[in-house]
Amino acid sequence: MREIRGIAASPGIALAPAFIFLDDYNAAIPSYPIESDHVDAEYRRFSEAIEFSKREVAGLKEKALAEVGEEQAAIFEAHLMMLDDPELKERVQNGLESSLLNVESVIFRFEQEAIDQLSSSQDPYIQERVSDVHDVVRRVLGRLLHRERFSLADIERDVIVVAKDLLPSDMVGMARNRVKGIATEAGGRTSHAAILARAFQIPAVLGVGQFLSDVQPGITLIVDGDRGVVVLNPDESALNKEKVARSLRQRKVKAFESIRDIPAATKDGCRIHLMANIEVPEEANLVNEQRADGIGLFRSEFLFLGGHVPGEESQYKAYRKVVEAMDGKPVTIRTMDIGGDKVLPEFGAQDEKNPLLGWRAIRFCLSKTDIFRTQLRAILRASLHGDVRIMFPMISTMEELIKARGILEEAQWECRSRGYEVPSDLKAGIMIEVPSAALCADTLARSADFFSIGTNDLTQYTMAVDRGNEKVAYLHDPYNPAVLRLITMTIESARKANIEVGLCGEMGGDPTGAVLLVGLGLRELSMSAASIPAVKSLLLATPLAELEEAAETVMKMTSPGAIATFLASRFNV
Ligand code: PEP
Ligand code: MG
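Residues numbered from 1 in each chain as written. Chains lettered and ligands numbered in written order. Predicted model: local features only at pLDDT ≥ 70, side-chain atom pairs only at ≥ 80, totals over all residues. Heavy atoms only, no water.

**What about the packing of aromatic side chains?**
By the definition in use, this model includes four aromatic pairs. Judged by centre distance (6.1 Å) and plane angle (65°), the ring pair of Phe372 and Phe392 falls under edge-to-face. Of the two residues, Phe372 sits in helix α13 (residues 369-382) while Phe392 sits in strand β12 (residues 388-392), which places them 20 residues apart along the sequence. Just as Phe372 is buried, Phe392 falls in that class too. The ring of Tyr316 has Arg381 lying over it, and the distance from NZ or CZ to the ring centre is 4.1 Å. Looking at Arg416, its charged tip hangs above the ring of Trp413, at a distance of 5.4 Å from the centre. (Phe/Tyr/Trp six-rings, centres within 6.5 Å; stacked < 30°, edge-to-face > 60°. Helix = DSSP H or I, 4+ residues; strand = E, 2+ residues; numbered from the N terminus. Buried < 20%, exposed > 50% of the residue type's maximum accessible area, 1.4 Å probe, protein only. Lys NZ or Arg CZ within 6 Å of the ring centre and 35° of its normal.)

See the structure below:
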């Protein structure tokens, strides 16, 4: 038996065999010269891989038709057509003859050229084909190189997934009912793998450091997402401890049921709106189960990370589904926050030296205005079905905000010219998650209808610390006085400008973070739905004056560690 500590990233305890996920996505494609009399043999290898892939895709199409629906099946139909495309075959034949390189290398070049060509198109429909080319080419290459093309979607038994790191796109497609727990070497509490694990209610311990070499496939693992511990090959006593911890947890969950229908407020009745963060539309059910006051952050970019870029119609359907599920409660849809660790290779955003400081979020959208306008039209149309707000991520200058609002207006006109009477007074707010935005919140407030503070990124950029890097995780602490000062500045600017301000970073879902934020003046917090009961329970037990007094003390303190200890002992959590 061996016990390893990591970061408690998603609560709950899981016991299951290990499944080692080694992603070969970035593995090098071999390139070597061939003799001219080997061209035919190389082409035969290609033909065999094409035939194999066609059988595989036909099987997936049948599965999708039976289990998901026609829309998904149509994607595989399109893949079958690409595999049969005479132009592909001709280009590979010509490529082999002209380059005298192995077929993998020729196909890889074909992929790069096709992606460059498609992604430079102005037509969003054509741009969307990039992910299809990518998927088809990877499948053929996988066959040629005898690499198992394993996706987390294909897991068919209960497992604990262990990996170096998990990308948001890995998580989105994963078989959620089969993955009982997650343990990764990299990652932190606010990395997107952690956020998604919480959203899907899968216990997770991330940032464990190097441990994969000690895990053999199939060995028993315990992932304790409450304590941040992974146990390899647990002995009798560890298994008993796990049982006790599990039943204690169930009791706690039951106790929260009694407050489910009580609106969130402090003990003396100051109403606090507890909203939910969601990543995929299906989460709306859990949001309603927890009686959230609405959705404060819909991370729409996850719709784009499942391997297929959705067009206006399918985005509209996804947004509308959420809006209707919320039945009149507010839904804040954040426009896509692509880039950083949320990579869309189709758009070339993976080749940056510093992706977290690069072509991300609103920066990406302002240079890909067709994709942006398509999304805005889909959101505007969905707004006809309920109370929708739009939020722009990672605004760092006033110019960006003005440009984004200008494009929103264009999208409104486009909708109207197509007969959709979309509202002209839809609230459009911004995330405050870059220090420049917090420092200039007073001016940004002139053009924003509301602020939502994103402490995950605000901490990352204030402290100059990659939020997913476990080696420097100690610096990613929202209790750092620098971050707290930026939060209070933002609240103050919003108050003076008389606009709404809330918070949607992970800090709000942590009971001690939540009480501090209410003490600092916030009345709206958005968090993963599963975090609502514990936050509500603490608020209901505490009068506002006590929270304000604690916040005042905290603002005089200098050490994040001391602040955390003070809050935990003051509020008994
Ligand atoms: C944040 O940065 O705090 C936030 C809520 O956005 P995300 O976690 O999606 O970057
Ligand atoms: Mg952010």
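**Looking at the domain arrangement of the protein**
Note: interface size is frequently given as the accessible area lost on complex formation between the parts. Domain parsing of the protein yields domain 1 (2-24 + 150-236), domain 2 (36-144) and domain 3 (271-529). Centre-to-centre separation of domain 1 and domain 3, based on C-alpha positions: 27 Å. Residue-level contacts link 21 residues of domain 1 with 20 residues of domain 3. Carbon and sulfur atoms supply 60% of the area that domain 1 and domain 3 bury against each other, a total of about 1,700 Å² over both sides. The residue Glu282 makes a salt bridge to Arg176 at a minimum N-O spacing of 3.5 Å. For the pair domain 1 and domain 3, the number of links is three residue pairs in polar contact (both at pLDDT 80 or more). Secondary-structure elements contributing two or more residues to the side of domain 1 that touches domain 3 are α7 (168-172) and α8 (192-199). A per-element tally of the side of domain 1 that touches domain 3 places α8 first, with five residues. Partitioning the side of domain 1 that touches domain 3 into residue classes produces nine nonpolar, eight polar and four charged. (Domains from an automatic or database assignment. Contact = heavy atoms within 4.5 Å. Buried area = accessible area lost by both parts, 1.4 Å probe. Salt bridge = Lys/Arg side-chain N within 4 Å of Asp/Glu carboxyl O. Polar contact = N/O pair within 3.5 Å; in protein donor to acceptor, adjacent residues only side chain to side chain. Nonpolar A, V, L, I, M, F, W, Y, C, P; charged D, E, K, R; others polar.)

**What to know about unusual backbone geometry**
With the exception of glycine, most residues fall at negative phi, and the peptide bonds are largely trans. Phi is positive for Arg291, close to 55°, though the residue is something other than glycine. Here Arg291 lies in the loop between α10 (284-289) and β10 (295-299). Accessibility expressed as a relative area gives 38% for Arg291, which makes it partly exposed. Here Ala464, not a glycine, exhibits a phi torsion of approximately 55°, which is positive. Topologically, Ala464 is positioned in the loop between α17 (455-463) and α18 (481-497).

**Quick notes on empty space enclosed by the protein**
Counted under the stated rule, the structure contains four cavities of 30 Å³ or more. The volume enclosed by the largest cavity comes to roughly 120 Å³. Considering the residues around the largest cavity, the lining is formed by 13 residues, among which Gly296, Thr332, Phe450, Phe451 and Glu524 are closest to the centre. If you list the elements that add at least two residues to the lining of the largest cavity, you get β12, β14 (450-453), β15 (500-503) and β16 (524-528). Classifying every residue of the lining of the largest cavity by side-chain character gives five nonpolar, five polar and three charged. Estimates place the volume of the second largest cavity at around 80 Å³. As for the second largest cavity, its lining consists of 16 residues, and the residues nearest its centre are Arg299, Arg334, Glu433, Asn456 and Asp457. Every element with two or more residues in the lining of the second largest cavity is listed here: β10 and α17. (1 Å grid on protein atoms, 1.4 Å probe; cavity = no way out; pocket = protein on both sides within 12 Å on 5 of 7 lines; lining within 4 Å. Points joined across faces, edges and corners; volume = space filled by probe spheres on them.)

**Observations regarding the site of ligand 1**
Neighbouring ligand 1 are 16 residues, the closest being Arg299, Arg334, Gly454, Asn456 and Arg467. One nitrogen or oxygen atom from the main chain of Asp457 is found 3.0 Å from an oxygen atom belonging to ligand 1. With the chains in place, 100% of the 290 Å² that ligand 1 exposes on its own is no longer accessible. Here ligand 1 occupies the second largest cavity. Those elements that place two or more of their residues in the shell around ligand 1 are α8, β10 and α17. In terms of residues, the shell around ligand 1 owes the most to one element, α17, which gives three residues. For the shell around ligand 1, a count of residues per class yields four nonpolar, five polar and seven charged. (Near = heavy atom within 4 Å. Areas by Shrake-Rupley, 256 points an atom, 1.4 Å probe, with all protein chains shown as cover. Sits in = over half its atoms within 2 Å of the grid points.)

**With respect to the sheet that holds strand β1 (residues 2-5)**
Here eight strands make up an open sheet; going across it, the order is β1-β8-β7-β3-β4-β5-β6-β2 and the pairing mixed. Whereas interior strands pair on both sides, the edge strands pair on one side only; in this sheet they are β1 and β2 (7-10). Geometrically, the sheet is characterised by an average inter-axis angle of 30° between neighbouring strands, direction not taken into account. Across five bridges, strand β3 (residues 13-21) lies against strand β7 (residues 220-224) in antiparallel orientation. Bridged to Leu15 within β7 is Ile222. (Pairing = 2+ DSSP bridges. Axes fitted to C-alpha atoms, helices over the stretch in contact; angles between N-to-C directions.)

**Looking at the nonpolar core**
The tendency in soluble globular proteins is for nonpolar side chains to be buried as a group. Core analysis: the largest hydrophobic core is formed by 121 residues, its most contacted members being Ile182, Phe392 and Phe451. Here this core takes seven residues from α13, the largest share from any one element. Residues lining this core come from more than one domain, with at least three contributed by each of domain 1 (2-24 + 150-236) and domain 3 (271-529). Look past the residues within four positions of Phe392 in its chain and what remains in contact with it is Thr335, Ile362, Phe372, Leu376, Leu401, Ala404, Arg405, Leu408, Ala428, Gly429, Ile430 and Met431. Among the nonpolar cores identified, the runner-up in size contains 29 residues, and Leu80, Val133, Val137 and Leu145 belong to it. (Core = buried A, V, L, I, M, F, W, Y, C linked by side-chain atoms within 4.5 Å.)

**As for the state of the cysteines**
Inspection of every chain in the model, using the stated rule, returns zero disulfides. There is no disulfide at Cys440, and the cysteine sulfur nearest it, in Cys504, is 20 Å away. (Disulfide = S-S within 2.5 Å.)

**With respect to the packing of α13 against helix α14 (residues 398-417)**
Relative orientation of the contacting elements α13 and α14 amounts to 60°, with a least axis distance of 9 Å. Compared by their axis directions, α13 and α14 come out oblique. Note that α13 runs across α14; the crossing there is right-handed. Counting all contacts with α13, which are made through Thr369, Phe372, Arg373, Leu376, Arg377, Leu380 and Arg381, the residues of α14 involved are Ala404, Ile407, Leu408, Glu410, Ala411, Gln412, Glu414 and Cys415. In the contact of α13 with α14, the residues fall into eight nonpolar, two polar and five charged. (Parallel < 35°, antiparallel > 145°, perpendicular 65-115°, else oblique. Left-handed = near helix turned anticlockwise from the far one by under 90°.)

**Some remarks on the side chain of His79**
Within the fold, His79 resides in helix α2 (residues 70-83). Excluding anything up to four places from it in sequence, His79 contacts Val57, Asp132, Asp135 and Val136.

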